[in-house]
Amino acid sequence: MAIRKTLIRSRAGVKLQRIEHLARQQIVQSSWRLSTLRQNQPRTFADEIEAEDAYDIEVVASLTDPIIIDMQRRGLID
């Protein structure tokens, strides 16, 4: 089974991707993966709205993290 990953949103080191499992070029299953540069482990969601909400919360947390702020200031992340 093939997997297609599509970047949906990215900001402050936080990425939201749609993961699609394909069989015969048809989508069999979709999920959303949230990853961050902070200490949190990547999380997977079955619901898109829940994933979008978690993304927004994680971006706010990242924008207040001193390490992330420094990385942005130095131009290492968007």
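Please read all numbers here as calculations on a predicted model, not as lab measurements.

Asks: Any details on the nonpolar core? Residues and values, ideally.
Replies: Core analysis: the biggest nonpolar cluster contains 9 residues, these being Val 14, Leu 16, Trp 32, Leu 34, Phe 45, Ala 51, Ala 54, Tyr 55 and Val 59. Contributions of two or more residues to this core are made by strand E2 (14-23), strand E3 (26-35) and helix H1 (48-63). Examining the composition of this core, we find that 4 residues originate from one element, H1, more than from any other. In this structure Ala 51 touches Leu 16, Trp 32 and Phe 45, once residues within four positions along its chain are discounted.

Asks: Help me get a handle on the pattern of salt bridges, residues and values and all.
Replies: Counting across every chain of the model gives 8 salt bridges. The shortest N-O distance in the salt bridge between Arg 73 and Asp 70 comes to 2.4 Å. Taken as a pair, Arg 73 and Asp 70 lie in helix H2 (residues 66-73) at a separation of 3 residues, close to a single helical turn. Of the residues examined, Arg 73 reaches a relative accessible area of 63% and is grouped as exposed.

The rules behind each value
- Residues numbered from 1 in each chain as written.
- Predicted model: local features only at pLDDT ≥ 70, side-chain atom pairs only at ≥ 80, totals over all residues.
- Heavy atoms only, no water.
- Core = buried A, V, L, I, M, F, W, Y, C linked by side-chain atoms within 4.5 Å.
- Buried < 20%, exposed > 50% of the residue type's maximum accessible area, 1.4 Å probe, protein only.
- Helix = DSSP H or I, 4+ residues; strand = E, 2+ residues; numbered from the N terminus.
- Contact = heavy atoms within 4.5 Å.
- Salt bridge = Lys/Arg side-chain N within 4 Å of Asp/Glu carboxyl O.

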